[in-house]
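Structural description and commentary
Each chain, written out:
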Amino acid sequence: MAENFSWLKRGIVEVFPQPTDTDHEVESLEKRLATTNRPLRVKLGIDPTGADIHLGHSIPVRKLRAFQDAGHTAVLIIGDFTARIGDPTGKSEVRRQLTEAEVMQNAQTYLDQMRPILDFDTPGRLEVRYNSEWLSRLDLGKTTELLATMTVGQMLAKEGFAERYKKENPIFLHEFLYPLMQGYDSVAVEADVELGGTDQKFNIAVGRDLQRHFGQKPQFGLLLPILIGTDGQQKMSKSLGNYVGLSEHPGQKYQKLQGVPDNLLAQYFELLTDLPLDKLPENPRDRQMSLAWEVVRQYHGEQAANEAKEAAKSGGKEGAVPEFSLTDVAQFPVKLAYLLNASGLCKSSGEGKRKIQEGGVRLDGDRITDVDTTFEQVSDLQGKVLQVGKNKFVRLVS
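Attention here is on the structure that accompanies the text. Everything numeric in this text was worked out from a predicted model, so none of it was measured. (Residues numbered from 1 in each chain as written. Predicted model: local features only at pLDDT ≥ 70, side-chain atom pairs only at ≥ 80, totals over all residues. Heavy atoms only, no water.)

Section: the pairing of strand 12 (residues 385-388)
Worth spelling out the cut-off: Burial classes follow relative accessibility: with a 1.4 Å probe on protein chains only, a residue under 20% of its type's maximum area counts as buried, one over 50% as exposed, and anything between as partly exposed. Counting from the N terminus, the helices are the DSSP runs of H or I reaching at least four residues and the strands are the DSSP runs of E reaching at least two. One bridge is not enough; two strands pair if DSSP finds at least two bridges between them.
Here strand 12 shows two buried faces, one formed by Val-385 and Gln-387 and the other by Leu-386 and Val-388. Pairing of strand 9 (residues 361-363) with strand 12, which is carried by three bridges, proceeds in the antiparallel orientation. Looking at the pairing, Leu-363 lines up with Leu-386 of strand 12.

A look at the sheet that holds strand 5 (residues 193-197)
Here is the rule we go by: All axes here are fitted lines through C-alpha atoms, helices being fitted over the stretch that makes contact, and every angle between N-to-C directions spans 0 to 180 degrees. Contact between two residues is taken to exist if any of their heavy atoms lie within 4.5 Å; hydrogens are not considered.
The strand order across the open sheet formed by six strands is 1-6-5-2-3-4, and the pairing between neighbours is mixed. With partners counted over all chains shown, the strands left at the sheet margins are strand 1 (14-16) and strand 4 (126-130), one partner each. The average angle at which neighbouring strand axes cross in this sheet is 20°, direction not considered. With six bridges joining them, strand 2 (residues 41-46) and strand 3 (residues 73-78) adopt parallel strand pairing. Residue pairing for strand 3: Arg-41 is matched across the bridge by Thr-73. The sheet contacts of helix 3 (residues 55-69) involve strand 2, strand 3, strand 4, strand 5 and strand 6 (220-224), and relative to strand 2 the element is tilted by about 160°. Contacts between helix 10 (residues 201-213) and the sheet are confined to strand 1, strand 5 and strand 6, with strand 1 contributing the most and set at about 20° to the helix.

Let's talk about the packing of helix 11 (residues 250-257) against helix 14 (residues 302-313)
How we decide: Each angle receives one of four descriptions, namely roughly parallel if under 35 degrees, roughly antiparallel if over 145, roughly perpendicular if within 65 to 115, and oblique otherwise. Here is the rule for handedness: rotate from the far helix to the near one, and if that takes an anticlockwise turn smaller than a right angle the crossing is left-handed, while a clockwise turn gives right-handed.
Relative orientation of the contacting elements helix 11 and helix 14 amounts to 60°, with a least axis distance of 9 Å. One finds that helix 11 runs oblique with respect to helix 14. Considering how the two elements wind past one another, helix 11 and helix 14 form a crossing that is right-handed. Across from Pro-250, Gly-251, Tyr-254 and Gln-255 in helix 11, the residues of helix 14 making contact are Ala-304, Ala-308, Lys-309 and Ala-312.

Set out below in structure tokens:
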């Protein structure tokens, strides 16, 4: 009986290569999965260029978990080396290069946020690798070998580079190295499959070419869609304010998701849940609430999902987040450490400073690590959620 690959096909935009009518010798990924005598090595690379992950980032991570559940080995590559360059894909200008300390701090927060999704505990199901392990050891000879596998014309055909070149925006030579280094990651871990968004096809194809160059069997590329944000118009992005962060309070998650536009509900269910798509509620409002409950349950458990649902029903516009009145602050400007104490999140300003230094303080999901952070006026804080650790929250109101 043919194996059911519905788990593989759900939400997929493209798998390449695929057999064609004229080329029957090309093996399909389904055939590889059905006939392999070993777990496949499934690669997902993530550059920790920021501190937080949103639901759009979770899509390839969820597919990686699906491969784990099917008995394969997830290879999660933390791009601690490549993040210092920054992926030029889709960028109209050169990205700021991060320090090693910034990258490593971001990497730890990424792993913490992925724990509800991936199986970190079963032996053999997950490898977490840092690409500085091999990229930092590349000498000039090996780097030259990598560069010799591509022409300038091929590199300029990459989306983003072509547009920047046409507009005479600067393209720096180190940016050309990025696709080659990401591709070399596939060589280093001997990947059978690489996951990525639709904007990553060029980079994944470079990995295939490099594997072939180094005598390995080329990986399959598996492309997933870019999630449209809660505004229903543009891709989910923190800078656009249309995101749902994995580290957000359950009440905030629920509120945002129960307002997802009707035309996006099918995609959100398909990409962010494992619920059967033919058994969803017919009423759009019921679908919104079902989506919100299910996503909150995945990351926070049933109790938190039920509490968020009840808070929303009772009219709490932002979910079950206690409020702290900024009128209780003696005067502005006010230091963050003092605010942590005044709001009851920390027992003293000294404890507040320690929590800030440890990276345990967030304001509206943004991690704050500067103990001297000061807010000039009430409007800088109005309506924002101040958080210490995973379970302490207050909404700041005037």
